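Close look at the chain arrangement
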Amino acid sequence: MTLVRMKEILTHAEEHHYGVGAFSVANMEMVIGAIRAAEELRSPLILQIAEVRLKHSPLSIIGPMMVAAAKAAQIPVAVHFDHGLTEEKIREALEIGFTSIMYDGSHDELEKNIAETKKMTALARRYGATVEAELGQVGGSEDGSVDLEILLTSVEEAKCFVAETGIDALAIAIGNVHGMYKGDPCLRFDRLEEIDQAVEIPLVLHGGSGISEDDFRKSINLGIRKINVATATFHNVVNAVNTGRPFSDYFSYHERVIEAAAESVKRHMRMFQSVGRV
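Here's a quick rundown of the structure. Bear in mind the structure is a predicted one, so any value in this text is a computation, not a measurement.

Re the overall build of the chain
Secondary structure summary: the chain contains 10 helices and 8 strands in total. Over its C-alpha trace the chain gives a radius of gyration of 17 Å, about what one expects of a compact globule, namely 19 Å for 278 residues. Principal axes of the C-alpha set define a box for the chain whose edges measure 55 × 40 × 35 Å. Out of the 278 residues in the chain, the part that is buried amounts to 55%. Long-range contacts, defined as pairs at least 24 residues apart, comprise 73% of the intrachain contacts of the chain with a sequence gap of at least 6. Measuring between centres, the 28 positive side-chain charges of the chain sit 4 Å from its 40 negative side-chain charges.

Printed below as a string of structure tokens:
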């Protein structure tokens, strides 16, 4: 078991009808915690970082760490560049050894999204990498800086987009939002089912923090194979650090961050039904 392409992980999930967590990380402790959780539960894992997070975690530093950790893991790990916005950073991630990239052109008109996604797909193919793209608009933004309106993914546009771009996985908007939900999530399972019937590639659910276990499982039953989780893990780490007895030394703090990240990852892996799939 080692660093693998995300396509291999998602193909197995598709064949065996379960979901795989794609966990955003921001430091060494979160990388260690995610892999520790996956190895304990014998679950495949997707480690990821989004372009908007690079101001906090420079790609030149955290990227090689993620790749090295994946290569040393005892379970299959894909290293994914999430919400790639620029060719420069997508290319840098691929050069570092990321096995998957997402190009996010969801803010553009359909024709431009198709054209730019095709360009990024051709680039990724030269590295043998998996490609994810997004159609429609997931609510909020990856770093919480913008309160974007949800624009549901069109079934016909999804069918056209997949055929034109040749991507491996499609992130869709069905009422999901980045960050934490304001009120209870209201996912459009009817639209998810229609899209799953219209396309033949794995579907991706962004904005996994705050969705109920029942909704996760229903989404997986209707075709979701990759589920992004960021905010829930970040919050679990912060809560763990802020509660309990003060830390007496740095290394106690270090271990608690690892444990808190692992706790969140394990909780979601159990909900996604990926435990014991390795």
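Observations concerning the pairing of strand 6 (residues 169–172)
Neither face of strand 6 is open: one carries A169 and A171, the other L170 and I172, and all of them are buried. Bridging between strand 5 (residues 130–135) and strand 6 involves 4 bridges; their strand directions are parallel. Pairing of E134 across the sheet is with A171, part of strand 6. The pairing of strand 6 with strand 7 (residues 203–205) spans 3 bridges and is classified as parallel. Following the sheet pairing, A171 is matched in strand 7 by V204.

Some points on helix 7 (residues 189–198)
Of all the residues in helix 7, the buried ones are F189, R191, L192 and I195. The buried residues of helix 7 occupy one face: seen down the axis, they fall within an arc of 155 degrees. If you follow the buried residues of helix 7, they end up packed against helix 6 (155–165), strand 6, strand 7, helix 8 (213–221) and strand 8 (224–229).

Some remarks on the packing of helix 9 (residues 231–242) against helix 10 (residues 250–272)
Interhelical geometry of helix 9 versus helix 10 gives an angle of 140 degrees and a closest axis separation of 8 Å. When the interaxial angle is binned, helix 9 and helix 10 end up oblique. When the axes of helix 9 and helix 10 are compared, the crossing they make is right-handed. Two secondary-structure elements touch here, helix 9 through A232, T233, N236, V237, A240 and V241 and helix 10 through Y253, R256, V257, A260, A261, E263, S264, R267 and H268. Considered class by class, the residues forming the contact of helix 9 with helix 10 number 8 nonpolar, 4 polar and 3 charged.

Some remarks on the packing of helix 5 (residues 110–125) against helix 6
Running from N to C, helix 5 and helix 6 cross one another at 30 degrees; their axes reach a closest spacing of 9 Å. You can see that helix 5 and helix 6 cross each other, and the crossing is right-handed. On helix 6, the residues that touch L110, N113, I114, T117, K118 and T121 of helix 5 are E157, C160, F161, E164 and T165. Considering only residue class, the contact of helix 5 with helix 6 consists of 4 nonpolar, 4 polar and 3 charged.

What about the sheet that holds strand 2 (residues 45–50)?
With parallel pairing, 8 strands are arranged side by side around a closed barrel as 1-2-3-4-5-6-7-8. Taken pair by pair, the neighbouring strands of this sheet meet at an average axis angle of 25 degrees, ignoring direction. Taken together, the 3 bridges between strand 1 (residues 20–24) and strand 2 define a ladder with parallel strand orientation. Paired with A22 across the strands is I46, a residue of strand 2.

A word on the environment of G97
Along the chain, the position of G97 falls in the loop between helix 4 (87–96) and strand 4 (100–103). The exposure class assigned to G97 is partly exposed, which follows from its relative accessible area of 23%.

Focus on the nonpolar core
By size, the foremost hydrophobic cluster in this structure holds 73 residues, and its most contacted members are L45, L47, M66, F81, F98 and L170. Sorting elements by how many residues they give to this core places helix 10 first, with 8 residues. Among the nonpolar cores identified, the runner-up in size contains 13 residues, and M6, Y18, I46 and V204 belong to it.

Brief notes about unusual backbone geometry
One non-glycine residue with positive phi stands out, namely H17, at about 60 degrees. Relative to the helices and strands, H17 resides in the loop between helix 1 (6–16) and strand 1. According to the relative accessible area criterion, H17 is exposed, its value standing at 53%. For H83, which is not glycine, the phi dihedral falls at a positive 50 degrees.

What counts and what doesn't
Residues numbered from 1 in each chain as written. Predicted model: local features only at pLDDT ≥ 70, side-chain atom pairs only at ≥ 80, totals over all residues. Heavy atoms only, no water. Helix = DSSP H or I, 4+ residues; strand = E, 2+ residues; numbered from the N terminus. Rg over C-alpha atoms; globule rule 2.2 N^0.38 Å. Buried < 20%, exposed > 50% of the residue type's maximum accessible area, 1.4 Å probe, protein only. Contact = heavy atoms within 4.5 Å. Lys, Arg positive; Asp, Glu negative; His and termini not counted. Charge placed at Lys NZ, Arg CZ, Asp CG, Glu CD. Pairing = 2+ DSSP bridges. Arc of directions from axis to C-beta. Axes fitted to C-alpha atoms, helices over the stretch in contact; angles between N-to-C directions. Parallel < 35°, antiparallel > 145°, perpendicular 65-115°, else oblique. Left-handed = near helix turned anticlockwise from the far one by under 90°. Nonpolar A, V, L, I, M, F, W, Y, C, P; charged D, E, K, R; others polar. Core = buried A, V, L, I, M, F, W, Y, C linked by side-chain atoms within 4.5 Å.

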